[in-house]
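What the coordinates show
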Amino acid sequence: MEDIKAIDIMNYPIQVKSIVDYDFNKYEEWAMMAKTTFKPFFPLGRFPKTQEELEQHKHLYGTSFYPFATVDEFIAAMDKDGYDRVCIAAVKMWSFRRSFSLIFDFTIDQVNEMVKQGKGRIIGVAGYNPFRIDESLTDIEKSVKEYGFKFVYAHPITFGLPFNDKKMYPLYGLCSSLKIPVSMQVGHSAEPLPSWVGNPMTVDEVVMDFPDLMINLSHTGFPWINEWIDLIWKHPNVYGDIAAYMPKNLDPEIIKFMSSGKGNNKIMWGSNGIGLTHGKHQLMEMDMKDKFKENILRNNALRFMGLAS
């Protein structure tokens with residue numbers, strides 16, 4: 001089949017160093033992750049600290065850990081690997097038991113700078129801080145009405161909050177009013193951050209309260225995979241993405257779901273800062289219908305964001 005011009009539903013401004021020069025070594029959460037869940041990327045057991053060490057990790061170039069220098073380089077990589085557009089999120093993540101501060105605190109202005117430099121290839125996504133509700137809602141409204149952002153990506157589990165917590169409801173109410181979707185990490189945290197609140201079943205109550213709000217359950221819901229599948233299958237306004245996972249390494253139940261008529265029109269692809277190349281190519285090589293590959297790599301994301309023609 002012909003190459004599919006992919007839509008990447010989940011990425012971050014740290015993909016480009018000229019936009020955000022981020023230091024993963026600054027926070028203990030990332031240091032722990034480099035020793036555990038992301039150890040295959042980092043044989044040193046930590047993130048590279050010097051340019052010399054980065055040069056020893058050339059396989060990471062184009063990821064969040066060794067980012068592109070400029071937006072132009074990023075767009076060139078999109079062209080090379082067959083990406084139409086990439087969603088960039090101003091995500092907020094909280095250090096729950098260590099620094100008690102935001103370890104990710106990207107702004108809508110940083111993302112908007114990427115949008116402007118991206119010449120139509122970057123889709124802006126706002127973030128949400130449930131500890132700063134008024135400030136967040138103001139930013140979200142500005143990002144949608146002035147900057148043209150298409151949805152909000154929230155990370156409540158790092159704040160120790162389940163998805164039906166009262167601190168999340170102002171976000172759902174505003175997004176429902178603005179008629180934009182909400183995307184949220186569900187499942188475990190790959191970092192030493194709260195996972196016990198990540199069971200996606202608490203989204204069930206949110207859907208009941210906001211039946212018209214489009215919701216994406218990001219990162220497969222692992223280890224609550226069956227719950228994740230159940231919510232996506234039964235609710236017409238609930239989607240899911242497989243961002244941060246290499247497709248061939250997905251749980252067999254997820255592969256079965258997204259390769260079938262039950263789930264294929266609801267699952268989306270996102271590179272999540274781990275590189276544009278390998279995940280897309282693995283999806284292209286998977287044993288499923290060509291139309292299903294196109295849905296996962298492109299059509300479902302366009303439908304989720306209300307951009308499908």
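Overview of the structure. (Residues numbered from 1 in each chain as written. Predicted model: local features only at pLDDT ≥ 70, side-chain atom pairs only at ≥ 80, totals over all residues. Heavy atoms only, no water.)

**Looking at helix α5 (residues 133–145)**
The first and last C-alpha atoms of α5 sit 18 Å apart over 13 residues, in line with the 18 Å expected at 1.5 Å per residue. Residues of α5 that are buried make contact with α4 (108–118), β5 (122–126), β6 (151–154) and α6 (169–178). (Helix = DSSP H or I, 4+ residues; strand = E, 2+ residues; numbered from the N terminus. Expected span 1.5 Å × (residues − 1). Contact = heavy atoms within 4.5 Å.)

**Description of the pattern of salt bridges**
For the structure on display, the rule yields twelve salt bridges. Here arginine 46 ties to glutamate 53 by a salt bridge, and the two come within 2.8 Å at their closest N and O atoms. Given a relative accessible area of 15%, glutamate 53 falls into the buried group. Linking glutamate 113 and lysine 116 is a salt bridge whose minimum nitrogen-to-oxygen distance equals 3.5 Å. Pair noted here: glutamate 113 and lysine 116 are both in helix α4, with a separation of three residues, about one helical turn. A relative accessible area of 30% means that glutamate 113 is categorised as partly exposed. In this structure lysine 116 comes out as exposed when scored by relative accessible area, which is 55%. The network of salt bridges with common partners includes Asp84, Arg85 and Arg298. (Salt bridge = Lys/Arg side-chain N within 4 Å of Asp/Glu carboxyl O. Buried < 20%, exposed > 50% of the residue type's maximum accessible area, 1.4 Å probe, protein only.)

**Some details on the environment of asparagine 25**
Checked against the element boundaries, asparagine 25 lands in the loop between β1 (6–11) and α1 (28–35). Measuring from C-alpha to C-alpha, the distance between asparagine 25 and asparagine 199 comes to 29 Å, with 174 residues separating the pair along the chain. With near-sequence residues (within four places) excluded, asparagine 25 lies in contact with Phe47, Pro48 and Lys49.

**Description of the packing of α5 against α6**
Where α5 contacts α6, the two axes come as close as 10 Å, and the packing angle between them is 20°. Our classification of the angle between α5 and α6 gives roughly parallel. Handedness of the crossing formed by α5 with α6: right-handed. From α5, Ile133, Leu137, Ile140, Glu141, Val144 and Lys145 reach across to α6, where they touch Pro170, Leu171, Leu174 and Leu178. Tallied by class, residues from the contact of α5 with α6 come to eight nonpolar, no polar and two charged. (Axes fitted to C-alpha atoms, helices over the stretch in contact; angles between N-to-C directions. Parallel < 35°, antiparallel > 145°, perpendicular 65-115°, else oblique. Left-handed = near helix turned anticlockwise from the far one by under 90°. Nonpolar A, V, L, I, M, F, W, Y, C, P; charged D, E, K, R; others polar.)

**Thoughts on the pairing of strand β7 (residues 182–185)**
Residues Val182 and Met184 point to one face of β7 and Ser183 and Gln185 to the other, with burial holding for every one of them. In the sheet, β6 pairs with β7 via three bridges, with the strands oriented parallel. Bridge assignment links alanine 154 to a residue of β7, and that residue is methionine 184. Viewed along the sheet, the connection from β6 through α6 into β7 turns out right-handed. With four bridges connecting them, β7 and strand β8 (residues 215–218) associate as parallel partners. Bridge pairing links serine 183 to asparagine 216 in β8. (Pairing = 2+ DSSP bridges. Right-handed = clockwise from strand over helix to strand, strands pointing away.)

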